[in-house]
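Okay, here's what each chain looks like letter by letter:
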Amino acid sequence: MSTHPKLARRARLRWDARDEKWMILYPERGLVLNASAAEIVKLCDGTRSLEQIAETLAASSGAPLERVSGDVRALVARLEEKRLLE
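Residues numbered from 1 in each chain as written. Predicted model: local features only at pLDDT ≥ 70, side-chain atom pairs only at ≥ 80, totals over all residues. Heavy atoms only, no water.

Caption draft 1: Looking closely at the pattern of salt bridges. Counted under the stated rule, the structure contains five salt bridges. With a shortest N-O distance of 3.0 Å, Glu-39 and Lys-42 are connected by a salt bridge. Here Lys-42 and Glu-39 lie together in helix 1 (residues 35–43), a separation of three residues that amounts to about one turn. Measuring nitrogen to oxygen at the nearest pair gives 2.7 Å for the salt bridge that ties Arg-48 to Asp-45. Overall, Arg-48 belongs to the partly exposed group, its relative accessible area being 26%. (Salt bridge = Lys/Arg side-chain N within 4 Å of Asp/Glu carboxyl O. Helix = DSSP H or I, 4+ residues; strand = E, 2+ residues; numbered from the N terminus. Buried < 20%, exposed > 50% of the residue type's maximum accessible area, 1.4 Å probe, protein only.)

Set out below in structure tokens:
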């Protein structure tokens, strides 16, 4: 698992104004994200570690760091399986 995740060059995070949802678009596909997943992906810019991403989100949401960290790791693992992270 990447320690400083970043969206792959072939993937783009985009707001779908019609459906009012964030999506990751990649060749001939799209992945709809819920609000928390979109917040995680926004922080996956290659400069932050998984721990820093989790700490940032826990601080802004008030959720327990342990739970947020698990959610961040789970999403990053799924995005890596789809080759949407570098």
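Caption draft 2: Region of the structure containing the packing of helix 1 against helix 3 (residues 65–81). Where helix 1 meets helix 3, the closest approach of the two axes is 10 Å, and the angle between their N-to-C directions is 75°. The orientation of helix 1 with respect to helix 3, classified from their angle, is roughly perpendicular. Two secondary-structure elements touch here, helix 1 through Ala-37, Ile-40 and Val-41 and helix 3 through Asp-71, Val-72, Leu-75 and Leu-79. Considering only residue class, the contact of helix 1 with helix 3 consists of six nonpolar, no polar and one charged. (Axes fitted to C-alpha atoms, helices over the stretch in contact; angles between N-to-C directions. Parallel < 35°, antiparallel > 145°, perpendicular 65-115°, else oblique. Contact = heavy atoms within 4.5 Å. Nonpolar A, V, L, I, M, F, W, Y, C, P; charged D, E, K, R; others polar.)

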